[in-house]
Amino acid sequence: MPELPDLEVIRHVLAGRVVGVPIVSVEILRPLIVRNLLATETGEELAPHLIGRSFSGVQRRGKFLLLFLDSDAVLVIHPMLAGRLRYGRPLARHRSRDALVLGLVDGQELRYHDARDMGKVYVVHDPEEVPTFASLGPEANDAALTLEVFRERLRARRGEIKGVLVDQTFVAGIGNAYADEILWRARLYPFRRRSSLAPDDVAALHHAMQTVLDEAIQTLSARLGDQIDVEVRDFLSVHGKGGSLCPRCGSAISEVKRQGSATHFCRTCQPGVMVAR
């Protein structure tokens, strides 16, 4: 799942490549994935809203990518679990799960691909028309999210701390992978109740959130180049590494699966007892 660091690097790359570049062709290969919310009549086609328009800016909000056009339209991409956006020379042929292809006047293309058909591309006048967008909390890496603000927002939350971190209404941008990394860095048991956190625990969590996300952005920026459709996670400390050795203490990394989602942590560095829900 693309999370804040992945999408922040994609935003930066595209901002330097596509701003000011007109769209010359539009292919919608999977209409269920591409949602035209500009339509004023049933069946109104999307292509006339895009062809001839240039990109005027690229932004990120939580786990959404926003590509603004020099009209009143915005492409809002929500990759969900497996969505990927490719930028580069046109492919020789379409892949089975390509959903949208935008040809650009400079000979490059933007291509959205989703192996699981879970993500969506919305074309809207206002991003808040997109489901869940208006309810997003502050950006997890926003400098304005100080320890005091973070502590106050956290105070109102209930449940396990990992569940709080991935709740986009609490802070926006953190998913399963970086929640694991943040909690490992803060030495906090993922299934610990939020109400049990001491003030020092909250401070450690806030600091870990800022440093893990910042370091990941720097690492991905150095490694991805223009290959923004490639997911790089091998540098992470615990996520996806069940059975490997903890890089801090050398104990085996544990993996716990719940409802199709895996949590990775070190039982030595992050001690705790799982309680019944």
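Refer to the structure presented above.
Because the structure is a prediction, the values reported are computed rather than measured.

Visitor: I keep staring at empty space enclosed by the protein and nothing clicks. Help me out?
Guide: Which parts of space are left empty comes out when a probe the size of a water molecule is rolled across the atoms. Counting across every chain of the model gives two cavities of 30 Å³ or more. Its volume calculated, the largest cavity comes out at about 150 Å³. Residue lining of the largest cavity: 16 residues in total, with Pro 2, Ile 10, Gly 83, Arg 84 and Ile 228 positioned closest to the centre. Of all the elements in the fold, those that place two or more residues in the lining of the largest cavity are helix H1 (4–15) and strand E6 (83–88). Looking at the lining of the largest cavity residue by residue, the class counts come to 11 nonpolar, one polar and four charged.

Visitor: So what exactly am I meant to see when it comes to the packing of helix H5 (residues 176–186) against helix H6 (residues 199–224) here?
Guide: When two helices pack together, their arrangement is given by the angle between the helix axes and the distance between those axes. Between H5 and H6, the least distance of the axes is 8 Å, while the angle of their chain directions is 125°. Judged by the angle between their axes, H5 and H6 are oblique. For H5 against H6, the interelement crossing comes out right-handed. Contacts from Tyr 178, Glu 181, Ile 182, Leu 183, Arg 185 and Ala 186 of H5 reach H6 at Ala 204, Leu 205, Ala 208, Met 209, Thr 211, Val 212, Leu 213, Glu 215, Ala 216 and Leu 220. Residue composition of the contact of H5 with H6, grouped by class: 12 nonpolar, one polar and three charged.

Visitor: Teacher, can you tell me more about the layout of surface pockets here?
Guide: Roughly 1000 Å³ of internal volume is contained in the largest pocket. Met 1, Val 166, Gly 175, Asn 176 and Ser 261 are the residues nearest the centre of the largest pocket, which is lined by 43 residues in total. The set of elements that each furnish at least two residues to the lining of the largest pocket consists of helix H4 (161–165), H5, strand E10 (253–258) and strand E11 (261–266). Its residues placed into classes, the lining of the largest pocket shows 15 nonpolar, 14 polar and 14 charged.

Visitor: Explanation requested: the packing of aromatic side chains in the structure shown.
Guide: By convention here, two paired aromatic rings are described through the distance between centres and the angle between planes. Enumeration according to the criterion identifies five aromatic pairs in this entry. Where Tyr 189 meets Phe 191, the ring centres are 5.5 Å apart and the plane angle is 75°; that geometry is what we call edge-to-face. In this structure Tyr 189 comes out as buried when scored by relative accessible area, which is 4%. Classification of Phe 191 as buried rests on a relative accessible area of 5%. Judged by centre distance (5.6 Å) and plane angle (80°), the ring pair of Tyr 189 and Phe 265 falls under edge-to-face. Placement of Tyr 189 in the loop between H5 and H6 and of Phe 265 in strand E11 is noted, with a sequence separation of 76 residues between them. Of the two residues, Tyr 189 and Phe 265, both sit in the buried class. Three or more aromatic residues link up through ring pairs in this structure, and these residues are Tyr 189, Phe 191 and Phe 265. Above the plane of the ring of Trp 184 lies Arg 248, whose end atom (NZ or CZ) is 3.9 Å from the centre.

What counts and what doesn't
- Residues numbered from 1 in each chain as written.
- Predicted model: local features only at pLDDT ≥ 70, side-chain atom pairs only at ≥ 80, totals over all residues.
- Heavy atoms only, no water.
- 1 Å grid on protein atoms, 1.4 Å probe; cavity = no way out; pocket = protein on both sides within 12 Å on 5 of 7 lines; lining within 4 Å.
- Points joined across faces, edges and corners; volume = space filled by probe spheres on them.
- Helix = DSSP H or I, 4+ residues; strand = E, 2+ residues; numbered from the N terminus.
- Nonpolar A, V, L, I, M, F, W, Y, C, P; charged D, E, K, R; others polar.
- Axes fitted to C-alpha atoms, helices over the stretch in contact; angles between N-to-C directions.
- Parallel < 35°, antiparallel > 145°, perpendicular 65-115°, else oblique.
- Left-handed = near helix turned anticlockwise from the far one by under 90°.
- Contact = heavy atoms within 4.5 Å.
- Phe/Tyr/Trp six-rings, centres within 6.5 Å; stacked < 30°, edge-to-face > 60°.
- Buried < 20%, exposed > 50% of the residue type's maximum accessible area, 1.4 Å probe, protein only.
- Lys NZ or Arg CZ within 6 Å of the ring centre and 35° of its normal.

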